[in-house]
Protein chains: 6
Amino acid sequence: MKLRLGLPKGSLQEATFQLFKQAGFELTVRSRSYFPTINDPELEVVLMRAQEIPRYVNDGVLDAGLSGLDWIMENEADVVEVADLIYAKNTSNPIRLVIAVANDSDIKTVADLKGKRIATELVRVTEKYLKSNGVDAYVEYSYGATEVKVPHLVDAIADITETGSSIKANNLRIIATVLQSTTKLHANRNAWKDPWKKEKLQNLSVLLQGALRARSKVGLKMNVPGDKLANILEVLPAMKQPTISQLVQSDWVAVETILEEIQVRDLIPALKRGGAQDIIEYPLSKVIP
Amino acid sequence: MKLRLGLPKGSLQEATFQLFKQAGFELTVRSRSYFPTINDPELEVVLMRAQEIPRYVNDGVLDAGLSGLDWIMENEADVVEVADLIYAKNTSNPIRLVIAVANDSDIKTVADLKGKRIATELVRVTEKYLKSNGVDAYVEYSYGATEVKVPHLVDAIADITETGSSIKANNLRIIATVLQSTTKLHANRNAWKDPWKKEKLQNLSVLLQGALRARSKVGLKMNVPGDKLANILEVLPAMKQPTISQLVQSDWVAVETILEEIQVRDLIPALKRGGAQDIIEYPLSKVIP
Amino acid sequence: MKLRLGLPKGSLQEATFQLFKQAGFELTVRSRSYFPTINDPELEVVLMRAQEIPRYVNDGVLDAGLSGLDWIMENEADVVEVADLIYAKNTSNPIRLVIAVANDSDIKTVADLKGKRIATELVRVTEKYLKSNGVDAYVEYSYGATEVKVPHLVDAIADITETGSSIKANNLRIIATVLQSTTKLHANRNAWKDPWKKEKLQNLSVLLQGALRARSKVGLKMNVPGDKLANILEVLPAMKQPTISQLVQSDWVAVETILEEIQVRDLIPALKRGGAQDIIEYPLSKVIP
Amino acid sequence: MKLRLGLPKGSLQEATFQLFKQAGFELTVRSRSYFPTINDPELEVVLMRAQEIPRYVNDGVLDAGLSGLDWIMENEADVVEVADLIYAKNTSNPIRLVIAVANDSDIKTVADLKGKRIATELVRVTEKYLKSNGVDAYVEYSYGATEVKVPHLVDAIADITETGSSIKANNLRIIATVLQSTTKLHANRNAWKDPWKKEKLQNLSVLLQGALRARSKVGLKMNVPGDKLANILEVLPAMKQPTISQLVQSDWVAVETILEEIQVRDLIPALKRGGAQDIIEYPLSKVIP
Amino acid sequence: MKLRLGLPKGSLQEATFQLFKQAGFELTVRSRSYFPTINDPELEVVLMRAQEIPRYVNDGVLDAGLSGLDWIMENEADVVEVADLIYAKNTSNPIRLVIAVANDSDIKTVADLKGKRIATELVRVTEKYLKSNGVDAYVEYSYGATEVKVPHLVDAIADITETGSSIKANNLRIIATVLQSTTKLHANRNAWKDPWKKEKLQNLSVLLQGALRARSKVGLKMNVPGDKLANILEVLPAMKQPTISQLVQSDWVAVETILEEIQVRDLIPALKRGGAQDIIEYPLSKVIP
Amino acid sequence: MKLRLGLPKGSLQEATFQLFKQAGFELTVRSRSYFPTINDPELEVVLMRAQEIPRYVNDGVLDAGLSGLDWIMENEADVVEVADLIYAKNTSNPIRLVIAVANDSDIKTVADLKGKRIATELVRVTEKYLKSNGVDAYVEYSYGATEVKVPHLVDAIADITETGSSIKANNLRIIATVLQSTTKLHANRNAWKDPWKKEKLQNLSVLLQGALRARSKVGLKMNVPGDKLANILEVLPAMKQPTISQLVQSDWVAVETILEEIQVRDLIPALKRGGAQDIIEYPLSKVIP
């Protein structure tokens, strides 16, 4: 039995392959192929444009796939969300679909879009949003380079942005956020009813999330004299009990914990002050709470 | 007064810029810009996806543009064809929109597509073609990599092909040709009624076609003894009278002509045999008959 | 005293340098040089075509080298095999020397090669193989691109393949496997009799194999309530006793083990079910049993 | 409050970003920008040519910066040295400013430079050095490619070299070493008097040095039968007490230590002989003694 | 006898080599060498930073060189200008040294620079300009990235610009143009007094300028019926008499002329209307009036 | 009927394709294919290692091919030389097979090679040469990087060199030149007896040589007053009569000639002095005397 999984071709492909590798799955694909091999005989992977994956998951051609919430909604796909996976190209922020107009446009609010021409790659999502705001406008499909169409070709655009820098660079002004979107591991409703497929997907979800969690965390170990252990435990983040083991032939203990990498820079000076010695930090591949 | 012209961004862009350069128009564009500068104050150029140019020419946002017949038809654009320009990426053949199925599919003819699922980037053109053949099928929009969707995701595709090699490489079989397409310089109907714009477009057409014509032609010059001129004239292609000039201080004449480069390899041995000497071939930039 | 070591130049070079780096030896080489520096004063390294290394090891010009079994045999080199090292460019499978013919050839078995023309880079190995099968054929040296020579230039080829994909892509059919080959650390017979060189080679072998072993393994740590330790130990692979240490100030134990990365995806759900918490996976650089 | 920090643009930039990342600071910069973002709201980073950083630190435009001792001296910058950071592009050696002449030049010592013409990028440092040696010569600023100016354009050069290989490749001979230089984290004298800035810089120094220290070290763990522990402890480097913990349900102990990667290749055979088993080596991100 | 010529290394190098090639001189240089070979035994070429060439021409180390007027002035080089050569990287416009401040700076005129800090690569030229305007300011040498130093590090910059786009992109405002600069073939005063060197330089100048002139010109040929020759001659640019030759066996003439490429697009329609046929345009390598 | 032609794959491929294009034959090949398409239905082209082409031409598998004389001799191929084609990668010089030893070797002459070990890619040619010089030595096949094998692995090498720079860079000294080699269009003896194939090859030879000849030549045209024609004709190279035509409506003549590009730089000043005006130089594609 196999689980048929759609993964995004293109700009997200390399990041996706790295995430799967860290989760324990080695994907290899020849340059122009869409059918990678994977070192798990229970998985069959197809590479596809992210825009199309939810459609084929919805129709049952695929059991599950990775794609953004934006494209799940544009395809009006009725699927099961298995996991939310934040791993973008540049940052770890969700992306947004925003409506933008020229900096010097008279259009200030969504209501002002009435009767205007709007270019977007996500026609249905944009139309629904406008309708729900009671606005009647002409929404046209854009094949790309949407952000340069204002004001020469259209009055407004609905475009995906991660940091807003492309919006600014094109002298546009955001007037509304239609939705926030992250990558979803999503499944076909019938596949989810199959116990084997459901368990396979849940295990996959644990491994992918364990890998993502490990990216912002590090392991920290140190040696602490027995009489200073209390100090050290106060300094360490309280969320989880650290692992403490008595050292042989001494009254020192070894303290080991897992924490956010970003906490380390403030903790290390405090740990030194508290009496810890031989502090080492080491990288992690997976963290499962 | 300016003529507003849409040129294709992307894979055809460099070839288009080279063609315009040869025709006498220098286009320069910074890496992410869509508004190139051009050394003709009467032209204003916008770069755009070829798919969208006919729509904006039809609507009058642009006066004229370059795009394929396929996209003019997909946009159902009612425009004036000013010139047919054959300059593809690899070859100088027209491209074709073909319907293809898996090599081992039961589908043999267009009639067999009844009730089937067909992926294509040209949904309207494909639907019209099927309808005109009395076939009722489900045509879906494909965001790309169309040729790998058969047979896993769809039953057939309607895809653009230049040499057919990608079709073969994916183990597909062509069952019908929907249309042949070349690049068209096409104009908005109202712009064409404006005498200044019409003349500007006609001059542009002469220069672009003169440049294209020069690509397959070369100039050939040779010296010929007067008494052998008749032999040589018999050998030279008959379509145009060559330029013959009497040489000073001798009874030789200089013969000069323009011909297809591909004829040269057969002509040169014949010319040598006919008595011509000092044959030289030189490159051309424009040829206007 | 120095050990003189030949390493392969070319497609295997980068992978070899990475393996040595992981084993603790930093190699640096200027772009066109064949004499890298290494941070071990007891080693002297020469880069060389893999094809030639066994010949120079056999002759004593080198004390030891890395090359494939195929080239050791082609050179008829009488050397000591110190270690088998599987680290290919793409996969970790051994490569094979296979005899292949055109898909539609009449040649079905090795016996059918009688009197035929065979192109190969490994002339001697191929000739010996044919002889041992009682087949008399003409084997010619191929400078490269061997797989495209069938059927225009030769009747069959004997070519190296890793996955068989190049064989298939050229419409060839494998009729026999001549040998399987992996990279060997091999030594000159006299060098091996020198105790210092032998120990140096054995230590090098331990480090290289320790590095290779670490590539497929990971470290796993988790915290386990004392009363559930038995469950967890049942789940963990039985081959090695995990390291278990009592945690201070609690009745939990820390369990730590080393296992194949590929086992992790099945183990983690089982460990969670068994009561383990705070499971972390971390990468390894060397594993010495 | 913010600490304003100048980091080197150019050949050292990538290495600097990697060092900061390992130290816990993520820097991102768009391709042509000089103002990277950093995930620490207390730091404001400016990218600048290393040559200019000490000048702006000296003047108080920056609170602190990273640059070589050579450029601190050339700028005659009166700054506080916070940390010495050895992380070059290729090697971990300090660089040197040397005076070199043509191999066949009559100039043998610094004294012979009297009245000669010397090209260098470090005019002031070179002039001071010559003056302190009682030599009067003409020192001119070189915009680059200094090493090819001898002997056609100048008599000698004072140039930066890491390995001396470029000096040799240009057939030059070193006659004197003006200074050795490493990268310094250096601070403005007034900024150093500000307690918040001083502590921020000291913490930054601890993290950067912890990251650098980890690059040459590895973690080593092994299991040892209780009765062989003494043997093992003798073999392990004496500088630091290893961490020893009793294993549950056995009389074995786990021994863990941190040591220089370069020691590992000699230690592992000794540890095996001493009775250690299941030796693993793992990578480190920071080491704070 | 040889003429020693300095050519610019770096961004102008390829354009310089192409210009020399078109002028008839083939330069080849190995990747890191500064001493190209040239197919003229009377020339000896050295590659050098453009900034330094005028200094070495002034001192007589070189007989002549190519560098910008800006660097001739910065070096206060007293040299002979042999030819003005306009061949920039992107455009054929001269470059300018401009003084720029932040868009929102209070500095509006050169007079406002009094007491301010100005960064520039051309310290002497800038100081002279300010002095001649009666302004006393602090001018400091900038090692690069000058345009990002305003306003954080300095109050103004004096920087080279070709199109002004980098100035705009950094939100700067130009308040003065210090000088316009083009590339000059310039000679040492003593070399110019040597008749052989002077003639060699003049011939070189003719060839380089002939090559540059050919870049904007094309050859045009056409056949014209004898009775329409007068029409055609009226249309053709009047500056030079076209070459007219009588065709044998007809009353047509062949008309041939050289003109600016940019005139062609207007001329061709006029020539067609005037009765010309078989118009061809061909490229030129040199034009010497 | 088709002529089967082998062309060299690899470093010479691009230069070969350009030469054929200039000769009028357009070759296109997909990245990994060995069977290019060509726009001449009478030719069938196979790409192959230059080393192997003469063997297959000799055996009649190919009708003709392009390869160096060195490889024709190494293969002991008995073929017809149709044309000598000098078009190397860098220069237009023939390449040489030279025997080289270490700079400080005792080997001074070919005689000193007695009993020595020599590495080469051309074993048979080298053995024959040594034999003809009465020297008995051990010649071994080198798979590449031959020039770095001296002195560590062998005593001498026989290697191909174009400029000798690689020999010098490896501190080697040339002691003998075994042969000079240029690229040969060569034919199978039986194919040459077929009149159709022979004529096809001769025509191909004319076109290839016409293209090569045009590379070093240019066309030159100028206008000359009738009374100065004699001066000008004296200056022009005497080998061929220039084409002189009387201009209509004037007493000037137009003079046109073809000459070596390298002559132009000396001629142009002389022509100007002689009274010529409006001198233009234009590029050529083929020159057939």
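These numbers come from a predicted model, not from an experiment. (Residues numbered from 1 in each chain as written. Chains lettered and ligands numbered in written order. Predicted model: local features only at pLDDT ≥ 70, side-chain atom pairs only at ≥ 80, totals over all residues. Heavy atoms only, no water.)

Novice: I'd like to hear about the overall build of chain A, residue by residue, with values.
Specialist: The number of helices and strands found in chain A is 9 helices and 17 strands. Its C-alpha atoms give chain A a radius of gyration of 24 Å, more than 25% over the compact-globule value 19 Å for 289 residues. Counting only C-alpha atoms, chain A reaches 80 × 50 × 35 Å along its principal axes. Within the span of chain A, comprising 289 residues, buried residues form 57% of the whole. Expressed as a percentage of contacts within chain A between residues at least 6 apart in sequence, the contacts between residues at least 24 apart total 71%. Charge-centre separation for chain A: the mean point of 36 positive side chains lies 2 Å from the mean point of 36 negative side chains. (Helix = DSSP H or I, 4+ residues; strand = E, 2+ residues; numbered from the N terminus. Rg over C-alpha atoms; globule rule 2.2 N^0.38 Å. Buried < 20%, exposed > 50% of the residue type's maximum accessible area, 1.4 Å probe, protein only. Contact = heavy atoms within 4.5 Å. Lys, Arg positive; Asp, Glu negative; His and termini not counted. Charge placed at Lys NZ, Arg CZ, Asp CG, Glu CD.)

Novice: So what about the pairing of strand E15 (residues 252-260) of chain A? Which residues, and what values?
Specialist: Residues and elements named next belong to chain A. Alignment of strand E13 (residues 217-225) against E15, held across 9 bridges, turns out to be antiparallel. Across the sheet, the residue bridging to Lys221 is Glu256, located in E15. By the bridge criterion, 4 bridges tie strand E14 (residues 243-246) to E15 in an arrangement that is antiparallel. Each bridged residue has a counterpart across the sheet, and for Gln246 the counterpart in E15 is Val253. (Pairing = 2+ DSSP bridges.)

Novice: With reference to specific residues and values, describe the domain arrangement of chain A.
Specialist: You can read the domains of chain A as domain 1 (3-92 + 183-214), domain 2 (95-181) and domain 3 (217-283). For domain 1 of chain A versus domain 3 of chain A, the separation of C-alpha centres amounts to 38 Å. (Domains from an automatic or database assignment.)

Novice: Tell me about the relation of the copies chain A and chain D, and name the residues and values.
Specialist: Relating one copy of the chain to the other takes a rotation about an axis and a shift parallel to that axis. In screw terms, the move from chain A to chain D is a rotation of 121° and a rise of 0.1 Å along the axis, fitting with an RMSD of 0.1 Å. In short, the pair behaves as if placed about a three-fold rotation axis. Counting the interface residues of chain A, we find that no more than 18% of their copies in chain D are interface residues as well, pointing to two distinct contact surfaces. (Least-squares fit on C-alpha atoms with pLDDT ≥ 70 in both.)

Novice: Tell me about the relation of the copies chain C and chain D, and name the residues and values.
Specialist: It takes a turn of 120° to lay chain C on chain D, together with a shift of 0.0 Å along the axis; the resulting RMSD is 0.1 Å. The two copies present different faces, since only 14% of the interface residues in chain C are matched by interface residues at the equivalent positions in chain D.

Novice: Kindly report on the environment of Leu259(C), identifying the contributing residues and their values.
Specialist: All names here are of chain C. The topology assignment puts Leu259 in strand E15 (residues 252-260). Overall, Leu259 belongs to the buried group, its relative accessible area being 0%. Along the primary structure Leu259 and Asp40 are separated by 219 residues, whereas in three dimensions their C-alpha atoms are 31 Å apart.

Novice: Provide a residue-level description of helix H4 (residues 123-132) of chain E, including the pertinent values.
Specialist: Residue and element names in this part refer to chain E. Taken together, the buried positions of H4 are occupied by Val123, Val125, Thr126, Tyr129 and Leu130. Viewed along the axis of H4, the buried residues span an arc of 170°, placing them on a single side of the element. Along H4, exposed side chains directed more than 90 degrees from the buried face belong to Lys128, Lys131 and Ser132. Buried-residue contacts for H4 involve helix H3 (69-74), strand E7 (95-102), strand E8 (117-120), strand E9 (138-141), strand E10 (156-161) and strand E11 (172-181). Two residues or fewer past H4, Gly134 is found with a positive phi of approximately 70°. (Arc of directions from axis to C-beta.)

Novice: Explain the side chain of Ser285(F) to me, and be specific about the residues and the numbers.
Specialist: Tracing the backbone shows Ser285(F) in the loop between strand E16 (277-283) and strand E17 (286-288). The class of Ser285(F) is buried, set by a relative accessible area of 13%. In contact with Ser285(F), other than residues within four places in its own chain, are Glu281(B), Tyr282(B), Pro283(B), Gln22(F), Gly210(F), Ala211(F) and Ala214(F).

Novice: Can you explain the sheet that holds strand E12 (residues 183-187) of chain A? Please cite residues and give values.
Specialist: Residue and element names in this part refer to chain A. Taken in spatial order, the 5 strands line up as E4-E1-E5-E12-E6 in an open sheet, and their pairing is mixed. Edge strands, defined here as strands with exactly one partner in the open sheet, are strand E4 (43-48) and strand E6 (80-85). When strand polarity is set aside, the average angle formed by the axes of neighbouring strands in this sheet is 25°. Direction of pairing for strand E1 (residues 3-8) relative to strand E5 (residues 64-68): parallel, over a ladder of 2 bridges. Looking at E5, one finds that Gly6 is bridged to Gly65. (Axes fitted to C-alpha atoms, helices over the stretch in contact; angles between N-to-C directions.)

Novice: Explain the interface of chain C and chain D to me, using residue names and the numbers behind them.
Specialist: Taken residue by residue, the interface counts 29 residues in chain C and 23 residues in chain D. Interface of chain C and chain D: buried area, both sides summed, is about 2,100 Å²; carbon and sulfur atoms make up 51% of it. Lys221(D) is paired through a salt bridge with Glu256(C); the nearest N and O atoms lie 2.2 Å apart. The interface formed by chain C and chain D contains 9 residue pairs in polar contact (both at pLDDT 80 or more). Those elements giving two or more residues to the side of chain C that touches chain D turn out to be helix H1 (13-23), helix H7 (195-215), helix H8 (229-235), strand E14 (243-246), E15, strand E16 (277-283) and strand E17 (286-288) of chain C. In terms of residue class, the side of chain C that touches chain D is made up of 13 nonpolar, 8 polar and 8 charged. Bridge analysis of E17(C) against strand E16 (residues 277-283) of chain D gives 3 bridges, and the strand direction is antiparallel. By the bridge assignment, Lys286(C) is partnered in E16(D) with Glu281(D). (Buried area = accessible area lost by both parts, 1.4 Å probe. Salt bridge = Lys/Arg side-chain N within 4 Å of Asp/Glu carboxyl O. Polar contact = N/O pair within 3.5 Å; in protein donor to acceptor, adjacent residues only side chain to side chain. Nonpolar A, V, L, I, M, F, W, Y, C, P; charged D, E, K, R; others polar.)

Novice: Which residues make up the packing of H7(C) against helix H9 (residues 261-274) of chain D, and what are the values?
Specialist: At their nearest, the axes of H7(C) and H9(D) sit 10 Å apart, and the two run at 95° to each other. Here H7(C) lies roughly perpendicular to H9(D), going by the angle between them. In this structure, H7(C) contributes Glu199(C), Asn203(C), Val206(C) and Leu207(C) to the contact, and H9(D) contributes Arg265(D), Ile268(D), Pro269(D) and Arg273(D). Considering only residue class, the contact of H7(C) with H9(D) consists of 4 nonpolar, 1 polar and 3 charged. (Parallel < 35°, antiparallel > 145°, perpendicular 65-115°, else oblique.)

Novice: Please set out the interface of chain A and chain D residue by residue, giving values where relevant.
Specialist: Between chain A and chain D, the contact holds 22 residues from the first and 28 residues from the second. A combined buried area of about 2,100 Å² lies between chain A and chain D, and 51% of that area is made up of carbon and sulfur atoms. Applying the counting criterion to the chain A and chain D interface returns 3 salt bridges. Counting residues per element, the ones that place at least two in the side of chain A that touches chain D are E13, helix H9 (261-274) and strand E16 (277-283) of chain A. The residue makeup of the side of chain A that touches chain D, split by class, is 11 nonpolar, 5 polar and 6 charged.

Novice: I'd love a proper account of the arrangement of the chains, names of residues and values included.
Specialist: With respect to C-alpha atoms, chain A approaches chain E no nearer than 11 Å, and the pair has no contact. Structurally, chain C and chain E remain out of contact, their C-alpha atoms never closer than 13 Å.

Novice: Outline the sheet that holds strand E13 (residues 217-225) of chain E, supporting the account with residue identities and numerical values.
Specialist: Read across the open sheet, the 5 strands follow the order E17(B)-E16(E)-E13(E)-E15(E)-E14(E); overall the sheet is antiparallel. One side of each edge strand has no neighbouring strand; the edge strands of this open sheet are strand E17 (286-288) of chain B together with strand E14 (243-246) of chain E. Along the sheet, successive strands turn relative to each other by an average axial angle of 15°, direction set aside. Across 5 bridges, the pairing between E13(E) and strand E16 (residues 277-283) of chain E is antiparallel. Counted as the bridge partner of Gly219(E) is Tyr282(E) from E16(E). This element, helix H9 (residues 261-274) of chain E, spans E17 of chain B together with E13, strand E15 (252-260) and E16 of chain E of the sheet and lies at about 155° to E15(E).

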